[in-house]
Amino acid sequence: MNDKQLVAIQAARHVQDGMVVGLGTGSTANYFIEELARRHREEDLHITAAASSVASTIKAQEQDLPLVALEHLGKLDLYVDGADEVTTNLALLKGRGYDLVREKLLARASERFIVLVDKSKLVSRLGEKFPIPVEVIPFAWQLVQASLQQLGVASSLRQNAAKDGWAITSHGSLVLELALPKTFKSDELNQLLNDVPGIVEHGVFEELADAVFVADNGQVEEIWKRPGNI
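The notes below deal with the structure included here.

Cut-offs used in this document
- Residues numbered from 1 in each chain as written.
- Predicted model: local features only at pLDDT ≥ 70, side-chain atom pairs only at ≥ 80, totals over all residues.
- Heavy atoms only, no water.
- Core = buried A, V, L, I, M, F, W, Y, C linked by side-chain atoms within 4.5 Å.
- Buried < 20%, exposed > 50% of the residue type's maximum accessible area, 1.4 Å probe, protein only.
- Contact = heavy atoms within 4.5 Å.
- Phe/Tyr/Trp six-rings, centres within 6.5 Å; stacked < 30°, edge-to-face > 60°.
- Helix = DSSP H or I, 4+ residues; strand = E, 2+ residues; numbered from the N terminus.
- Lys NZ or Arg CZ within 6 Å of the ring centre and 35° of its normal.
- Pairing = 2+ DSSP bridges.
- Axes fitted to C-alpha atoms, helices over the stretch in contact; angles between N-to-C directions.
- Arc of directions from axis to C-beta.
- Polar contact = N/O pair within 3.5 Å; in protein donor to acceptor, adjacent residues only side chain to side chain.
- Parallel < 35°, antiparallel > 145°, perpendicular 65-115°, else oblique.
- Left-handed = near helix turned anticlockwise from the far one by under 90°.

Focus: the nonpolar core
Item 1. Val 15, Leu 23, Phe 32, Leu 36 and Leu 116 are the most contacted members of the largest nonpolar core, which totals 24 residues.
Item 2. If sequence neighbours within four positions are ignored, Leu 116 has contacts with Val 7, Ala 8, Ala 11, Thr 28, Val 80, Asp 81, Gly 82, Ala 83 and Phe 213.
Item 3. Counting 22 residues, the second-largest nonpolar core is a separate cluster that includes Leu 157, Phe 184, Val 196 and Ile 199.

In structure tokens form, the structure reads like this:
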């Protein structure tokens, strides 16, 4: 069993009967979906799942998990997903994929948000290893870029995988990638990006994670923001 499977299985133990559970996207989230489906089949665990992307929707359907559309949700009991970077105060960088809007909606709507990472994702500041992704309204990207430049933040449009055009999110947005000065703290950046017109969503998840489960060589450490457990 690899570290991704291990941390996903540990997270699935926090799911209780009757919960509405948000499903993240990516390889670790897929292991979580598989373990949740196993418990649903073998332990008669009754849950309802809400997917953060088309990819996780398809994965859940393949595993015969009962799904609810986001438009029918008021809140969730638990959301489990990965992150690209995690700081010591549990600020997250997400968005190397293309589902920032749905991911942040689920994170904010959940009673508990558990983040699954390996040790390599731990950083001293956001933007240490990856640029900060910012979804922008397509017709406004140059205006947003100019606003950011005035604030001392350089940015460039994200290319698609083939490098022959621009990346488009599942929400239909373009993505600006920010080269962040070391002087910015995550809470300051979060507020700054929230205040710029034309930004649909961004990859700074400030004060949203309740716990980070860190896998490292066959061991999992649970780092909780607050005492207690599910």
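Structure shown, so let's carry the discussion forward.
Here's the deal with the packing of aromatic side chains
Item 1. According to the stated counting rule, one finds two aromatic pairs in the structure shown.
Item 2. Judged by centre distance (4.9 Å) and plane angle (20°), the ring pair of Tyr 79 and Phe 113 falls under stacked. With Tyr 79 in strand E3 (residues 76-82) and Phe 113 in strand E6 (residues 110-118), the pair connects residues that are 34 residues apart, well separated along the chain.
Item 3. Exposure remark for Phe 113: the relative accessible area of 0% places this residue in the buried category.
Item 4. Note that Lys 104 overlies the ring of Phe 205, its terminal NZ or CZ placed 4.7 Å from the centroid.

Structural notes on the environment of Leu 189
Item 1. Relative to the helices and strands, Leu 189 resides in helix H6 (residues 186-194).
Item 2. We classify Leu 189 as buried; its relative accessible area is 0%.
Item 3. Taking C-alpha positions, Leu 189 is 12 Å from Ala 179, a pair spaced ten residues apart along the chain.
Item 4. Apart from residues no more than four positions distant in its own chain, Leu 189 is found in contact with Ile 132, Leu 180 and Val 204.

Things to note about unusual backbone geometry
Item 1. Unusually for a residue other than glycine, Leu 90 sits at a positive phi of about 70°.
Item 2. The class for Leu 90 is buried, based on a relative accessible area of 7%.
Item 3. Its identity as a non-glycine residue notwithstanding, Lys 163 has a phi of 60°, on the positive side.
Item 4. Inspection of the secondary structure assignment puts Lys 163 in the loop between strand E8 (154-157) and strand E9 (174-179).

A few points about the sheet that holds E9
Item 1. Read across the sheet, four strands follow the order E8-E9-E7-E10 without closing on themselves; strand pairing throughout is antiparallel. The strands lining the two open edges of the sheet, one partner per strand, are E8 and strand E10 (199-202). Direction aside, the axes of adjacent strands within the sheet are offset by 30° on average.
Item 2. With four bridges joining them, E8 and E9 adopt antiparallel strand pairing. Bridge assignment links Ser 156 to a residue of E9, and that residue is Glu 177.
Item 3. On top of the sheet, helix H4 (residues 100-109) reaches strand E7 (132-136) and E10; it is set at about 65° to E10, its chief contact.
Item 4. Running at roughly 160° to E10, H6 makes contact with E7, E9 and E10 of the sheet.

Observations regarding the environment of Glu 43
Item 1. Positionally, Glu 43 belongs in the loop between helix H2 (27-42) and strand E2 (48-51).
Item 2. Owing to a relative accessible area of 41%, Glu 43 belongs among the partly exposed residues under this scheme.
Item 3. Through-space distance from the C-alpha of Glu 43 to that of His 202 is 38 Å; in sequence the pair is 159 residues apart.

Focus on helix H3 (residues 54-62)
Residues spaced three or four apart along an α-helix face the same direction, because each turn holds 3.6 residues.
Item 1. Within H3, the full set of buried residues consists of Ser 56, Lys 59 and Ala 60. Each buried residue of H3 lies within a common arc of 95° when the element is viewed along its axis, so the set occupies one face. Away from the buried face of H3 by more than 90 degrees, exposed residues Val 54 and Glu 62 are located.
Item 2. Those residues of H3 hidden inside the fold are in contact with strand E1 (20-23), H2 and E2.
Item 3. Capping the start of H3, Ser 53 holds a side-chain oxygen 3.4 Å from the backbone nitrogen of Ala 55, two or three residues further along.
Item 4. Directly beyond the C-terminal end of H3, a positive phi value near 60° is found at Asp 64.

Here's the deal with the packing of helix H1 (residues 3-12) against H2
Item 1. For the pair H1 and H2, interaxial distance at closest approach is 8 Å and the crossing angle is 45°. In terms of orientation, H1 and H2 fall into the oblique class. For the pair H1 and H2, the sense of crossing is right-handed. Residues Lys 4, Gln 5, Val 7, Ala 8, Ile 9, Ala 11 and Ala 12 of H1 pack against Ser 27, Thr 28, Tyr 31, Phe 32, Glu 35 and Arg 39 of H2.

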